[in-house]
Amino acid sequence: VRWIATAYLLRLKEDPAWKELPDVATLPGKDWLPIVVRCRDLGDSCNTGSIYDVLCETFRKAQLSDAESAALQAVIIEKLAAGQAILLVDGLDEIGNIGVRARFCQQIDRLQAAFPQAPMMVTSRIVGYREMNYRIGRGFEHATVTGFSQKDKDEFARRWCEITELPERAAKAEEELLRAIHSSDRIERLAVNPMLLTTLALVTSTACSRHSRF
């Protein structure tokens, strides 16, 4: 979600860095305004049945004033109606109450019906989506993110070290991270998950940094 939001913000700004983002060519070439709603930040607003309350809560978390929130909400509604904004709802499973989660999904369905031209994406862990016994329907396609292949893991290691390490240490750091990833079958299986692979990269980087100081 952060990658998509960053890509479209940079595109709207006509920032040259947009074309440097990895795999950005796989995204539709649209000038969409990205609207990110993080479910873990919504609190009670996701139980009101109003997407406008959800947007207001998102703006409040961003420390906008009431006047700024009202103005921004008007722009967002206009953009959604015109199909010029993309709504990114992140972490549906982080709404703890299953009933509230299901009602929030119903609101998303109604929102999609109200703004059929606006692209929308909702993310959730598989278990959190299945346990509520409700499926987002109208106009949505369901997809599951696949685990990393060995090629994906190796590419992740290269990119990770390229942006987190000093140039003179990047090659050595990549070698150490690849060794850690492929050190055992158990770790190989865990590393298919991007979040767990990121954790492994952080731990490996920290351990190698400490070792280099001694």
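Residues numbered from 1 in each chain as written. Predicted model: local features only at pLDDT ≥ 70, side-chain atom pairs only at ≥ 80, totals over all residues. Heavy atoms only, no water.

## Details of the sheet that holds strand β3 (residues 120-122)
- Strands sit in the order β1-β2-β3 across an open sheet of three strands; the sheet is parallel. Each having just a single partner strand, β1 (33-38) and β3 make up the two edges of the open sheet. Looking at each pair of strands side by side, their axes are set apart by 15° on average, direction ignored.
- Where β1 and strand β2 (residues 85-90) come together, six bridges link them in parallel fashion. Opposite I35, over in β2, you have L87 as the bridge partner. (Pairing = 2+ DSSP bridges. Helix = DSSP H or I, 4+ residues; strand = E, 2+ residues; numbered from the N terminus. Axes fitted to C-alpha atoms, helices over the stretch in contact; angles between N-to-C directions.)

## With respect to the packing of helix α2 (residues 51-61) against helix α3 (residues 66-82)
- Two elements in contact, α2 and α3, have axes separated by 10 Å at closest approach and are oriented at 130°. By the criterion of interaxial angle, the relationship of α2 to α3 is oblique. With respect to the hand of their crossing, α2 and α3 are arranged in right-handed fashion. Within the contact between the two elements, α2 uses Y52, L55, C56 and F59 and α3 uses S69, L72, Q73, I76 and I77.
- Classifying every residue of the contact of α2 with α3 by side-chain character gives seven nonpolar, two polar and no charged. (Parallel < 35°, antiparallel > 145°, perpendicular 65-115°, else oblique. Left-handed = near helix turned anticlockwise from the far one by under 90°. Contact = heavy atoms within 4.5 Å. Nonpolar A, V, L, I, M, F, W, Y, C, P; charged D, E, K, R; others polar.)

## Regarding the environment of L92
- Here L92 shows up in the loop between β2 and α4 (98-114).
- Exposure remark for L92: the relative accessible area of 0% places this residue in the buried category.
- With 111 residues separating them along the chain, L92 and V203 place their C-alpha atoms 28 Å apart.
- When near neighbours in sequence (up to four residues on either side) are disregarded, L92 contacts C39, R101, F104, C105, V122, T123, S124, Y129, M132 and I136. (Buried < 20%, exposed > 50% of the residue type's maximum accessible area, 1.4 Å probe, protein only.)

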